[in-house]
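Examining the three-dimensional arrangement
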Amino acid sequence: MKKKLLTVMLAVVLALGCFAGLLACNGDGDNAALDPEKVESEKVADAEAWAKAFDYSEMTNGTIKVTMKSSNENRTRETVSDVLIDSDKIYQDGTRTTKYAGEDAPETVVYKGYIVKDGDSCYTCDYYEDRDKFIKREFEPDYFDFTVEDFVKSHIDGIRFNSFENFSDFTYNDDKGAYIASVEMHGDTYGVEIKIINGEARYIKIAYNGEDESEFMSLYICDIGETVITLPPEDKIIEE
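Presented here is an overview of the structure given in this document. (Residues numbered from 1 in each chain as written. Predicted model: local features only at pLDDT ≥ 70, side-chain atom pairs only at ≥ 80, totals over all residues. Heavy atoms only, no water.)

Things to note about the overall build of the protein
The cut-off we apply is this: Only DSSP runs of H or I covering at least 4 residues are called helices, and only runs of E covering at least 2 are called strands; the numbering of each starts at the N terminus. Burial classification: accessible surface area is computed with a 1.4 Å probe over protein chains only, and a residue below 20% of its type maximum counts as buried, one above 50% as exposed, and the rest as partly exposed. We call two residues in contact when some of their heavy atoms are within 4.5 Å. Exposure was quantified through the Shrake-Rupley algorithm and a 1.4 Å probe, taking into account, for residues, occlusion by the shown protein chains and nothing else.
Counting its secondary structure elements, the protein contains 4 helices and 12 strands. Put simply, the protein has 240 residues, and 45% of those count as buried. Pairs at least 24 residues apart make up 59% of the contacts formed inside the protein by residues separated by at least 6 positions. Of the roughly 12,600 Å² of accessible surface on the protein, a fraction of 45% belongs to carbon and sulfur atoms.

Laid out in C-alpha cells, this is it:
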C-alpha cells in the first residue's frame, strides 16, 4: 500500500524533525532560488480556482523546501530541508539544529538519503558521515508512487490540509501579499498564509503561538518538472 512507503519516508522525517538542505535546482518563475516570502500571491477568482490551486495530482516531479521551527521553555529547534521527487527517485537533504536551555552549544543533525524504485523492489541509500559512505538497504513496499501531492498532504496532517479547502475562510492581505486565515485544529488556533504562484498553491505557512510553546512550518513547492536527482557514485555506496 502507498502508506507503507510513506511510513518509511516519514520515519526519517520525524527522526530529523523534518527534511532539510539547500540544493541548486533549475526552474523559471517558481524556482528554488526564489524567496517566496518576497513574492506576492496571485489573486484567485473563485472557489473553483481555489480548489484547482490545491490539486497536485499531476506533479510527479518537483522540489519541496521545508522550514520548521518550534520553541518552548526547554529548547528551540529549527529544521531546514529539501525533498526532491522525480517519479522513481526521492532525495532528502536535511539539517536540524536544537538549542537546549542552559546549554551554550546547539546540537546539529544532518541527513542525506535516497529512496529509489528498482524494478519491482525499492532501496534506501543513506549517508553516514563517519564512514563517508552511503549505505544501501533493499526493501519491497507494496506500492511506489510517491508524488508531490503525497508529500504535501502527508506532511501537513489531514485535519490541517482539509481546513484549507474552504475559499470563503481566506481573505487576501495586501500587506502580506498572501491569503490568510485563522484555522481551528486539534483545539488550537493556527494562523495560515497561502501564496498562489502560477495558479497553484506553492507556498503554505502555518504558525501557532501558545502560552508555553510556538510552532512554525512552511512548504515551498518549486521546480515542477525541472527537478533532477543524481544518485551517488558507485564507489560511495556500500550494500548491507
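Resuming the write-up.
Quick word on helix α3 (residues 148–155)
Taken across its 8 residues, α3 has 6 buried, putting it largely inside the fold. Within the sequence span of α3, burial applies to Val148, Glu149, Asp150, Phe151, Val152 and His155.

Thoughts on the sheet that holds strand β2 (residues 75–86)
Condition: Here, strands pair whenever DSSP counts at least two bridges between them. Angles shown run from 0 to 180 degrees and are taken between the N-to-C directions of axes, each axis being a line fitted to C-alpha atoms and, for helices, limited to the stretch in contact.
Ordered in space as β7-β8-β9-β10-β11-β1-β2-β3-β4-β5-β6-β12, the 12 strands form an open sheet in which the pairing is mixed. A single partner strand is all that each edge strand has here, and the edge strands are β7 (171–173) and β12 (237–239). Recorded for the sheet is a direction-independent mean angle of 20° between the axes of neighbouring strands. Direction of pairing for strand β5 (residues 121–128) relative to strand β6 (residues 133–139): antiparallel, over a ladder of 7 bridges.

Side note on the nonpolar core
To keep it simple, the criterion reads: Working definition of a nonpolar core: buried Ala, Val, Leu, Ile, Met, Phe, Trp, Tyr and Cys residues. They are joined through side-chain atoms within 4.5 Å.
Grouped together as the largest cluster of nonpolar side chains are 36 residues, with contacts concentrated most on Phe54, Phe164, Ile194 and Ile204. Those elements giving two or more residues to this core turn out to be α2 (47–53), β1 (61–72), β2, α3, β8 (178–185), β9 (188–197), β10 (200–209) and β11 (213–222). Excluding anything up to four places from it in sequence, Ile204 contacts Phe54, Tyr56, Val152, Ile156, Phe164, Glu193, Ile194, Met217, Ser218 and Leu219. Core analysis: the second largest hydrophobic core is formed by 8 residues, Leu84, Tyr114, Val116 and Cys125 among them.

What about the packing of aromatic side chains?
For clarity, the threshold we go by: Any Phe, Tyr or Trp ring, taking Trp's six-membered ring, that has another such ring centre within 6.5 Å forms a pair; planes under 30 degrees apart are called stacked, those over 60 apart edge-to-face, and the others tilted. Whether a charge sits over a ring depends on NZ of Lys or CZ of Arg being within 6 Å of the ring centre and within 35 degrees of the ring normal.
Under the definition given, this model contains 10 aromatic pairs. Residues Tyr127 and Phe134 carry aromatic rings whose centres are separated by 5.0 Å and whose planes lie at 55° to one another, so their mutual orientation is tilted. A relative accessible area of 25% means that Tyr127 is categorised as partly exposed. For the ring pair Tyr172 and Tyr179, a centre distance of 5.0 Å and an interplane angle of 80° mean the geometry is edge-to-face. You'll find Tyr172 and Tyr179 in the same group, each marked buried. Sitting over the face of the ring of Tyr123, Lys136 holds its NZ or CZ atom 4.3 Å from the ring centroid.

Brief notes about the environment of Glu107
Mapped onto the elements of the fold, Glu107 is located in strand β4 (residues 107–118). Judged by relative accessible area, Glu107 falls into the partly exposed class, the value being 43%. Between the C-alpha atoms of Glu107 and Arg77, which are 30 residues apart in sequence, the distance is 9.4 Å.

Some details on the pattern of salt bridges
In plain terms, the rule: For salt bridges, the criterion is a side-chain nitrogen of Lys or Arg within 4 Å of an Asp or Glu carboxyl oxygen.
Counted according to the given criterion, the structure contains 12 salt bridges. Of the charged contacts, one joins Arg137 and Glu240 as a salt bridge, the two residues approaching to 3.3 Å between their closest N and O atoms. With Arg137 in strand β6 and Glu240 in the segment after β12, the pair connects residues that are 103 residues apart, well separated along the chain. A relative accessible area of 54% places Glu240 in the exposed class. In this structure, Arg202 engages Glu200 in a salt bridge whose closest nitrogen and oxygen atoms are separated by 2.5 Å.

Structural notes on the pairing of β5
With 6 of 8 residues buried, β5 lies mostly within the body of the structure. Looking at chain direction, β4 and β5 are connected through 6 bridges and run antiparallel. Across the sheet, the residue bridging to Lys117 is Cys122, located in β5. Turn length for the β4-β5 hairpin, with the two strands adjacent in sequence and antiparallel, is 2 residues, and the turn residue Gly119 shows positive phi of about 70°.

Considerations on the side chain of Lys205
Going by this rule: In protein, a polar contact means a hydrogen-donor-capable atom and an acceptor-capable atom, both N or O and within 3.5 Å, with residues adjacent in sequence counting only if both atoms are side-chain atoms; elsewhere, any N or O pair within 3.5 Å suffices.
With respect to the helices and strands, the residue Lys205 is situated in strand β10. Look at Lys205 and you get buried, because its relative accessible area is 12%. For Lys205, the side chain forms a polar contact with the side chain of Glu37, separated by 2.8 Å.

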